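Structure at a glance
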Amino acid sequence: MPRNRDARLAVLGSPVPRSRPAGYSSRSATALRRRLVAGVLVFVSIVLITIYFREPSGGSLHGVQSAGAAVLRPFEVGAERVARPFRDAYGWFAGLVHAKSQNARLRGEVDRLSQQVIQNQTAQQENADLKRQLHFVGLPSFPNDYDYVSTAIIGRPPSEFQQQVDIAAGSVNGIRKNDPVVTSDGLVGLVTEAAHNQAQVTLLTDPEQHVSALDLTTKATGMVSHGQGRTTLIFDRVQKSQTVRPGDWIVTSGWKSQGLASLYPKGIPIGVVGGASLSDLSLYWEIQLRPRVDFGSLQNVIVLVPKSRQR
């Protein structure tokens, strides 16, 4: 019995070779076959491509290609018809998005160019206005006893009943209260307030403004003041014995008497006589003036500063 046990143990302890499962060998064979098939297909493809490019256009491979294309043509047409609506819809949406983006860009460009055109036109108008003013300053008729400050209007009254404007020059430029204000067209008004770097000008159309004037042709004298309308003027206090005719120029008289003098230098144009009437009961002529200055479109003015003033 002991011997049999040792022999059995010897048999059980000895290494026994294991057999590989059948599935492993079959998978290896399948992979090998796939590689062989792929290699053969690649080789055949290379051969066919070489033959195709070397044979004439009427060769057998070209014929096979044409036959295959004819067979697949109906499927290609069908796929094209199915895909066309989707492709057109995509193109429409893409075009719409692009058109909206381009429209927004063009609108911005138009706005920018419009602003630039407005700025250029404004600058051109101001340049022409300044040129006229400089020409007026250089004329022999410009007051000899005055210097000038050319400046722009920077503020207008909020109400049509107020007849004051603000200018972009003040005491730092030598401007003081009661300095006359003109343009190349004629008399504008008078400085009524002067701050450091700006001033207020009361226009000739203000009811509180009165200017001594004369008829340049007949030398009739009177007083120019505000009329009935917003921008109308009258030539008042002209005696019946004096002569005034429609079309006559009315200018500042620039009087001096006993150490006193007018605030306005002599000869500044004010307006043209539009009409004159005379009643039996009135002591003076009733004369309407057409102002020389367009008070509604003022952009730049000239402030006359006396040369005798110590700044």
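So, a few notes on the structure that sits alongside this text. None of the values given here were measured: they were computed from a predicted structure.

1. Considering the sheet that holds strand S7 (residues 221-226)
The strand order S6-S7-S8-S13-S12-S9 describes a closed barrel built from 6 strands, whose pairing is antiparallel. Going across the sheet, the axis of each strand differs from the next one's by a mean of 40°, ignoring polarity. Where strand S6 (residues 210-215) and S7 come together, 5 bridges link them in antiparallel fashion. Bridge pairing links Ser 212 to Met 223 in S7.

2. As for the nonpolar core
Among the nonpolar cores identified, the biggest contains 43 residues, and Ile 270 and Leu 289 are the most heavily contacted of them. Here this core gets 5 residues from one element, more than from any other, and that element is strand S14 (residues 300-306).

3. Here we look at the pattern of salt bridges
In the structure shown here, the tally under the stated rule is 1 salt bridge. A salt bridge links Glu 109 to Arg 112, with the shortest nitrogen-to-oxygen separation between them at 2.6 Å. Of this pair, Glu 109 and Arg 112 both sit in helix H3 (residues 60-138), 3 residues apart, which is roughly one turn of that helix. With relative accessibility at 34%, the residue Glu 109 sits in the partly exposed group.

4. A look at the sheet that holds strand S5 (residues 199-203)
Around the barrel, which closes on itself, the 6 strands sit in the order S1-S2-S5-S4-S3-S14 with antiparallel pairing between neighbours. Each adjacent strand pair in this sheet contributes to an overall mean axis angle of 45°, direction not counted. Direction of pairing for strand S3 (residues 180-182) relative to strand S4 (residues 187-194): antiparallel, over a ladder of 3 bridges. In the strand pairing of S4, Pro 180 is matched with Leu 190.

5. Some details on the environment of Leu 283
Here Leu 283 shows up in the loop between strand S12 (269-277) and strand S13 (286-291). Separated by 45 residues in sequence, Leu 283 and Val 238 place their C-alpha atoms 8.5 Å apart. Excluding residues that lie within four positions of it along the chain, Leu 283 makes contacts with Val 238, Gln 239 and Lys 240.

The rules behind the values
Each chain carries its own residue numbering, running from 1 in the direction its sequence is written. The predicted nature of this model means local features are confined to residues of pLDDT at least 70 and side-chain atom pairs, given and counted, to a pLDDT of 80 or more, with totals for whole chains, interfaces and linings taken over all residues. Excluded from the side-chain calculations are hydrogens and water; all other atoms, namely the structure's heavy atoms, are used. Here, a strand pair is defined by DSSP locating no fewer than two bridges between the strands. Labels follow the DSSP assignment, with helices taken as runs of H or I lasting at least four residues and strands as runs of E lasting at least two, numbered in each case from the N terminus. For helices, the fitted axis covers only the stretch in contact; all axes are lines through C-alpha atoms, and the angles between them, taken along N-to-C directions, range from 0 to 180 degrees. Residues belong to one nonpolar core when they are buried, are Ala, Val, Leu, Ile, Met, Phe, Trp, Tyr or Cys, and are joined through side-chain atoms within 4.5 Å. Burial classes: relative accessible area under 20% of the type maximum marks a residue as buried, over 50% as exposed, and values in between as partly exposed (1.4 Å probe, protein chains only). We define a salt bridge as a contact between a side-chain nitrogen of Lys or Arg and a carboxyl oxygen of Asp or Glu at a distance within 4 Å. What makes two residues a contact is simply this: any of their non-hydrogen atoms within 4.5 Å.

Don't take any of this as a statement about function, it's just geometry.
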